[in-house]
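Structural characterization, general
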Amino acid sequence: MSGSVLEVKNLHVSIEDKEILKGVDLTIKGGEFHAVMGPNGTGKSTLASAIMGHPKYEITEGSITLDGEDVLEMEVDERARAGLFLAMQYPSEISGVTTSDFLRSAINAKREEGDEIPLMKFIKKLDKDLDYLDIDQNMATRYLNEGFSGGEKKRNEILQLMQLEPNIAILDEIDSGLDIDALKVVSKGINQMRSDNFGCLIITHYQRLLNYITPDFVHVMMQGRVVKSGGPELAKRLEAEGYEWIKEELGIEDEETAEQNA
Amino acid sequence: MTVETKLSFNQEYIQAFSKERNEPGWMATLRSKALEMADSLEMPKPDKTKISNWNFTDFQHSYKEAAKIASLDELPEELKEYFDEDASMENLYIQRNQTAAYNSLAQKLQDKGVIFTDIFTAVREHSELVEKYYMNDAVAVDQNRLTALHAALMNGGVFVYVPKNVQVEEPLQAIFWQEDNSSALLNHVLVVAEEGSSLTYVENYISHNDTEENVANLVTEVFAHDNAQVAYGAVDNFAAGTTTYVNRRGVAKRDARIDWALGQMNDGNTVSENITYLMEDNSASEAKAVSVGRGKQTQNFTSSIRQFGKETDAYILQRGVMKGSASTIFNAIGKIEHGGTKSNSEQESRVLMLSEKSRGDANPILLIDEDDVTAGHAASVGRVDPLQMYYLMSRGLEREEAERLVIHGFLAPVVAQIPIESVRKQLTQVIERKVY
């Protein structure tokens, strides 16, 4: 089998009884890069969090499957071991746990007992990925995300992506708060992952990330739904013209929504 | 049930005990006076923990001498984990029950005048030196009923002495191994660092009396003279049957430093006091303590640093993890006395609750009698952050493993300070065993 398939069908998600997603359909296959764009507060991050299993989000309707397996029946860690990965917008700080100890535990969590990654192999790959992402070697011995700058946290998320090699990755606003050099480095890391065995869902507010990572599909989310899908040219048009034309075309009227970030 | 408060030891018993050990007159007198006082003194009053039903006073004191340890190979495997077998064959003291069973000190340290020996030998062979420090300025005989009882019935311990300007680079390690479940341990550790000297000392207390009741009444006194540095590490690991009172005190003179790293892993009820007196200018102390409470045990930990000198620096760090229906109070007391100008007192106490039924309390206390000082405190009691768990689990770690990482991370600031690697590892294992 080459590549996994993540299927989201008619997904409805609430947070504290407020419905944020109102029926999202999306299919991501190995080898494909999808971008989800849209104005603030339309549920993009909610979609990412719901797929990974964030404790605050409640799925009220619909389904998520990975290679036919029911993702919603899985615990968060089972989803990860099944091949899902979420680069988070606000990664937690874990005091007292070094980045490298954590990474090794995470890599070994996916492997059978007795088949742990050999230490030298782990160190070699870690050094290589740190170099590739222009990250100071000392990050490996710093406590995970503790005292990291915004840019360091994002790079660390991509480092984890490269180390854990998931089948399907979701990147939640990985570009926010990055300067142009950091954006290039992060994009380089993501592009390096491209293969038939790797599918990616890129959630972004800005088109500029897509100058460095070319998506195969672009989806526009508004008011908790995917309202329009297309190819890379759709992103370009959004960059040039904004979202108003889509609203007009589809007859969508503004309403108050709040993006729930967690 | 209330405990019989009448003491079951008399003067004849104590004098015979002292005589058997060929103790000098001052020690026999001190024991005798202490016993006299014990009856009328009050029990210690740990803040917010009721200990009136705990048995500290009814125990078996007489004991048989235990066998010496001819070779470390004959020790049980569990005990071997406590020391680096290659590194610290030297500078190691093992007390089996109340008997000095193994004692070694590197020749080069002996040549420099360093003393590292059991307390009875020290009392006999270094009588004047010991008398000068023993239960005078750090822990007073009449502090409370338990310190008096300790003075009267002291039955084990170790003496560490480092002469002027001698630096002891390798750690000195003491293992207090309670192989016998029945007789109480009243252990006394006395550490004296003369002017300009430095040393690292690490101790382990181990017992296995899960059900048999026993008592441990421990006193440590540390003296750091001008410009001396003492790093003191401890892992207390008494089994559930032992009720423990442990009183560790330090006295630091000018430019001296005493740092504590205490792993308080007892399974039984425990009252622990760790008090450091920064007596003179520019002295400093860090008091770090970590604890895991489980089962039904009740514990009370006080870390206190009292600052008399000018420009002194104090830092208290307490970390506790509570599970089962364990109940623990952490008191952190920073006190800057009048005249301690330009001193700094910082403290941080954090408790992590793993179960609904456990109770934990962190009491930050700052008492300041001087204007020109700086001070700060932080305290928190909380549960494992669900977002941290989500983050770690989203990388494939099982819930238990994620929680384990969070707990280790939480305790790391103290565990990392334990001076000997094997003891650090051993503490990590004890934590692991206690948490799961």
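Cut-off values and rules
Residues numbered from 1 in each chain as written. Chains lettered and ligands numbered in written order. Predicted model: local features only at pLDDT ≥ 70, side-chain atom pairs only at ≥ 80, totals over all residues. Heavy atoms only, no water. Helix = DSSP H or I, 4+ residues; strand = E, 2+ residues; numbered from the N terminus. Rg over C-alpha atoms; globule rule 2.2 N^0.38 Å. Buried < 20%, exposed > 50% of the residue type's maximum accessible area, 1.4 Å probe, protein only. Contact = heavy atoms within 4.5 Å. Areas by Shrake-Rupley, 256 points an atom, 1.4 Å probe, with all protein chains shown as cover. Lys, Arg positive; Asp, Glu negative; His and termini not counted. Charge placed at Lys NZ, Arg CZ, Asp CG, Glu CD. Polar contact = N/O pair within 3.5 Å; in protein donor to acceptor, adjacent residues only side chain to side chain. Buried area = accessible area lost by both parts, 1.4 Å probe. Salt bridge = Lys/Arg side-chain N within 4 Å of Asp/Glu carboxyl O. UniProt positions renumbered as here; feature names shortened; annotations may be inferred. Pairing = 2+ DSSP bridges. Axes fitted to C-alpha atoms, helices over the stretch in contact; angles between N-to-C directions. Core = buried A, V, L, I, M, F, W, Y, C linked by side-chain atoms within 4.5 Å. Patch = residues over 30% accessible without salt bridge, like charges linked within 9 Å, V, L, I, M, F, W, Y side chains within 5 Å.

1. A few points about the overall build of chain B
What chain B contains, in helices and strands, is 10 helices and 19 strands. On C-alpha atoms alone, chain B measures out to a radius of gyration of 21 Å, which is about the 22 Å that the 2.2 N^0.38 rule sets for 436 residues. Counting only C-alpha atoms, chain B reaches 65 × 50 × 50 Å along its principal axes. For chain B, the residues scored as buried account for 62% of the 436 residues in total. Long-range contacts, defined as pairs at least 24 residues apart, comprise 82% of the intrachain contacts of chain B with a sequence gap of at least 6. Of the accessible surface of chain B, which amounts to about 16500 Å², a share of 45% is contributed by carbon and sulfur atoms. Taking the average place of the 43 positive charges on the side chains of chain B and the average place of its 64 negative ones, the gap between the two points comes to 4 Å.

2. Things to note about the environment of Asn-97 of chain B
Residues and elements named next belong to chain B. Topologically, Asn-97 is positioned in the loop between β1 (92–96) and β2 (99–104). Classification of Asn-97 by relative accessible area gives buried; the value is 8%. Sequence-wise, Asn-97 and Ile-206 are 109 residues apart; in three dimensions their C-alpha atoms are separated by 9.8 Å. Sequence-distant contacts of Asn-97, that is, excluding residues within four places in its chain, are made with Ala-66, Trp-177, Gln-178, Glu-179, Asp-180 and Leu-185. A distance of 2.7 Å separates a polar atom in the side chain of Asn-97 from the backbone nitrogen of Asp-180.

3. Describing the interface of chain A and chain B
The interface is formed by 33 residues belonging to chain A together with 17 residues belonging to chain B. Where chain A abuts chain B, roughly 2000 Å² becomes buried across the two surfaces, and 65% of that area is made up of carbon and sulfur atoms. When the buried surface of chain A facing chain B is broken down by residue, Asp-77, Met-88 and Ile-94 of chain A rank first, second and third, together holding 22% of it. Remark: the boundary between chain A and chain B carries two salt bridges. Here Glu-75 of chain A ties to Arg-399 of chain B by a salt bridge, and the two come within 3.9 Å at their closest N and O atoms. Where chain A meets chain B, there are nine residue pairs in polar contact (both at pLDDT 80 or more). Counting only elements with at least two residues in the side of chain A that touches chain B, the list comes to α1 (44–52), α2 (76–82), β6 (84–87), α3 (99–109) and α5 (150–164) of chain A.

4. A few points about the side chain of His-408 of chain B
Residues and elements named next belong to chain B. You can see His-408 is positioned in helix α9 (residues 399–415). At 2.7 Å, the side chain of His-408 and the side chain of Glu-432 are in polar contact. Contacts of His-408, omitting those with residues within four sequence positions, involve Thr-428 and Glu-432.

5. Some points on the pattern of salt bridges
Residues and elements named next belong to chain B. Following the criterion strictly, the structure yields 35 salt bridges over all chains and no others. Here Glu-23 and Arg-31 are joined by a salt bridge, their closest N and O atoms 2.8 Å apart. Overall, the relative accessible area of 0% leaves Arg-31 in the buried class. Where Glu-203 meets Arg-248, a salt bridge forms, and the shortest distance between an N and an O atom there is 3.0 Å. Here Glu-203, found in strand β7 (residues 198–207), pairs with Arg-248, found in strand β10 (residues 242–252); they are 45 residues apart in sequence, far enough to count as distant. Each member of the pair Glu-203 and Arg-248 is classed as buried. Taken together, the salt bridges that share partners define one network made up of Arg-257, Asp-259, Glu-286 and Lys-288.

6. Some remarks on the UniProt feature "domain: ABC transporter" (unreviewed entry) in chain A
Residues annotated by UniProt as "domain: ABC transporter" (unreviewed entry) correspond here to residues 6–248 of chain A. In residues 6–248 of chain A, the share of helix is 35% and the share of strand is 27%. The end C-alpha atoms are 31 Å apart.

7. Describing the sheet that holds strand β8 (residues 214–224) of chain B
Residues and elements named next belong to chain B. A sheet is described by the order of its strands in space; here nine strands give the open sequence β3-β4-β6-β8-β10-β12-β14-β16-β18, paired in mixed fashion. Each edge of the open sheet is held by one strand with a lone partner, namely β3 (115–118) and β18 (359–368). Here the strands of the sheet are splayed against their neighbours by 5° on average, with no regard to which way each runs. Pairing analysis gives 10 bridges linking strand β16 (residues 327–336) to β18, with the strands arranged parallel. When the bridges of β18 are listed, Ile-336 appears paired with Ile-368.

8. With respect to the sheet that holds β1 of chain B
Residues and elements named next belong to chain B. With mixed pairing, 10 strands are arranged side by side in an open sheet as β2-β1-β5-β7-β9-β11-β13-β15-β17-β19. Since the sheet does not close on itself, it has two edges, and those belong to β2 and β19 (374–383), each with one partner. Neighbour-to-neighbour, the strand axes of this sheet turn through a mean angle of 5°, independent of strand direction. One ladder, built from eight bridges, connects strand β11 (residues 257–264) with strand β13 (residues 284–293); its direction is parallel. Note on β13: the bridge partner recorded for Gly-263 is Val-290. Along the sheet face, α9 touches β11, β13, β15 (313–322) and β17 (344–353) and points at about 150° away from the line of β15.

9. Remarks on the nonpolar core
Ranked by internal contacts, the top residues of the largest apolar core, which has 100 residues, are Leu-47 and Leu-171 of chain A. Per element, the largest residue contribution to this core is eight residues, and it comes from α9 of chain B. Beyond its immediate stretch of four places on either side in the chain, Leu-171 of chain A contacts Ala-87, Ile-158, Leu-161, Ile-190, Cys-200, Leu-201, Ile-202 and Ile-203 of chain A. Listed in part, the 47 residues of the second largest apolar core include Ala-38, Ile-115, Val-130 and Val-219 of chain B.

10. Observations regarding the environment of Lys-29 of chain A
Residues and elements named next belong to chain A. Within the fold, Lys-29 resides in strand β2 (residues 18–29). When the C-alpha atoms of Lys-29 and Glu-249 are compared, they prove to be 29 Å apart, with 220 residues separating the residues in sequence. In this view, Lys-29 contacts Ser-4, Val-5, His-34 and Gly-199; residues no more than four positions away in its chain are not counted.

11. Some thoughts on a negative patch on the surface
Residues and elements named next belong to chain A. Taken together, Asp-67, Glu-69, Asp-70 and Glu-73 make up a surface patch of like negative charges. The topology assignment puts Glu-69 in strand β5 (residues 69–70). Judged by relative accessible area, which is 51%, Glu-69 ranks as exposed.

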